[in-house]
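# Notes for the structure review
Letter by letter, the chains look like this.
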Amino acid sequence: MDLSLPNPSWSKDMRLLFDQFMKKSEDGSWKHLPSYKNKFSRRIEDIKVFFPDAKLIKEKISQAQLFPRNFEEGLGFEYAMFHNHAEDRTVCIFQGGPYLQGAPGFLHGGAIATMIDSTLGMTALIAGGIVMTANLNINFKRPIPLCSVVVINSQVDKVEGRKLFLSCNIRSVDEQTLYSEATSKNLCLFWVWFSLSYISLGFVFGV
Ligand SMILES: CC/C=C\C/C=C\C/C=C\CCCCCCCC(=O)SCCNC(=O)CCNC(=O)[C@H](O)C(C)(C)COP(=O)(O)OP(=O)(O)OC[C@H]1O[C@@H](n2cnc3c(N)ncnc32)[C@H](O)[C@@H]1OP(=O)(O)O
């Protein structure tokens, strides 16, 4: 089940942004990225291909779920991502629910980091195939109110061999407030470089 589609917990802002990006996707310049709880987790063989040293316990791996998709509807991470192939850019619209509280009334820094890592990771994944985050630097500039909607804008800045350098920022829907900025270095796990984005997309999402 694609969990990046609107559900009743989404606020008006979240719905509006989603509809705007779906409209932008009509001419093919943007692409909506589906998101699942446990794609790649069901079959131990799939994972072993990417991480041959993984010590996976069969019974447990069948229960594995993508971390940000682990909460009940509306309580944790509600988000949808859109990718622009020509610009190597991914936008994530994100509504952080009440279970993600850090300072009273605001999102936990770890929850913000999770969404930053997920968005940068997805951008790197599309650009470079199977990648791991080697380094992530975040400046938390303003606290993000709980249950508000924010926009994460990420892009590939530079590619050096198997190293991808990315950056992103998080802004309010009206773009007036800059909440966070981050940079990351992601390492492509296979030296056989495949930047053919849509092949990567099909590989990961089966689309
Ligand atoms: C992950 C996605 C996988 C599958 C996709 C399946 C489904 C997708 C569905 C949803 C996707 C959602 C996206 C989620 C994204 C989440 C991403 C993560 O959270 S990853 C988890 C956190 N990261 C880790 O656990 C990484 C642990 N570290 C490692 O495994 C290794 O250190 C490494 C990063 C793989 C690098 O090891 P290597 O042996 O491959 O490289 P090295 O020879 O050590 O270094 C090469 C090169 O890179 C430079 N470098 C290495 N580490 C760092 C660093 N921390 N900071 C800066 N630079 C670093 C190193 O200096 C070398 O540079 P050179 O000498 O100039 O070549």
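Residues numbered from 1 in each chain as written. Predicted model: local features only at pLDDT ≥ 70, side-chain atom pairs only at ≥ 80, totals over all residues. Heavy atoms only, no water.

### Points about the overall build of the protein chain
Our working definition: Secondary structure elements follow DSSP: runs of H or I no shorter than four residues count as helices, runs of E no shorter than two count as strands, and numbering proceeds from the N terminus. Partly exposed describes any residue whose relative accessible area lies between the buried limit of under 20% and the exposed limit of over 50%, with all areas from a 1.4 Å probe on protein chains only and scaled to the type maximum. By definition in these notes, contact holds between two residues if any of their heavy atoms fall within 4.5 Å.
When helices and strands are tallied, the protein chain shows 5 helices and 7 strands. If you list the helices and strands of the protein chain from N to C, you get α-β-α-α-β-β-α-β-β-β-β-α. Within the protein chain, the proportion of its 207 residues that are buried is 43%. In the protein chain, the proportion of contacts linking residues at least 24 apart, taken out of those at least 6 apart, comes to 67%.

### As for the nonpolar core
We apply this condition: For the purposes of this section, nonpolar cores are sets of buried Ala, Val, Leu, Ile, Met, Phe, Trp, Tyr and Cys residues that join through side-chain atoms within 4.5 Å.
One finds Phe94 and Ile170 to be the most contacted residues of the largest nonpolar core, which totals 32 residues. Listed by contribution, the elements that provide at least two residues to this core are strand S2 (77-84), strand S3 (89-96), helix H4 (109-128), strand S5 (149-160), strand S6 (163-172) and strand S7 (178-188). Other than its neighbours up to four places away in sequence, Phe94 contacts Met14, Phe77, Glu78, Tyr79, Leu100, Leu107, Met115, Ser148, Val149, Val150 and Ile152. Formed by 12 residues, the second largest nonpolar core is a distinct cluster that contains Leu17, Ala80, Val91 and Val151.

### Side note on the site of the ligand
Condition: Proximity criterion: a residue is near a molecule or strand once any of its heavy atoms comes within 4 Å of it. Any pair of nitrogen or oxygen atoms within 3.5 Å is treated as a polar contact; in protein, a donor-acceptor pairing is required on top of that, and neighbouring residues in sequence qualify only through side-chain atoms on both sides. Reported accessibility uses the Shrake-Rupley method at a 1.4 Å probe radius. Residues are deemed covered only where the shown protein chains occlude them. Residue polarity follows a fixed list, in which Ala, Val, Leu, Ile, Met, Phe, Trp, Tyr, Cys and Pro are nonpolar, Asp, Glu, Lys and Arg are charged, and the others, Gly among them, are polar.
Around the ligand, the surrounding shell holds 15 residues, and the nearest of these are Asp117, Thr133, Ala134, Arg162 and Lys163. Between the ligand and Thr133, the relevant distance is 3.0 Å, taken from a nitrogen atom to a main-chain nitrogen or oxygen of the residue. At 2.6 Å from an oxygen atom of the ligand is found a side-chain nitrogen or oxygen belonging to Lys163. About the coverage of the ligand: the protein hides 52% of its 1,300 Å² of free accessible area. Elements with a contribution of two residues or more to the shell around the ligand: H4, strand S4 (131-140) and S7. Its residues assigned to classes, the shell around the ligand comprises 8 nonpolar, 3 polar and 4 charged.

### Here's the deal with unusual backbone geometry
Positive phi outside glycine occurs at Cys147, with the angle close to 70°. Its relative accessible area of 43% is what places Cys147 among the partly exposed residues. Positive phi is not limited to glycine here, since Glu175 has a value of about 65°. By secondary structure assignment, the location of Glu175 is in the loop between S6 and S7. Judged by relative accessible area, Glu175 falls into the exposed class, the value being 58%.

### Details of a nonpolar patch on the surface
The line we're drawing: Here a patch means residues that are over 30% exposed by relative accessible area and free of salt bridges, tied together within 9 Å if like-charged and within 5 Å if nonpolar (Val, Leu, Ile, Met, Phe, Trp, Tyr). Here a salt bridge means any side-chain nitrogen of Lys or Arg lying within 4 Å of a carboxyl oxygen belonging to Asp or Glu.
A contiguous nonpolar surface patch, about 300 Å² in accessible area, is contributed by Phe51, Met132, Leu189 and Phe190. Relative to the helices and strands, Met132 resides in strand S4. Since its relative accessible area comes to 42%, Met132 is described here as partly exposed.

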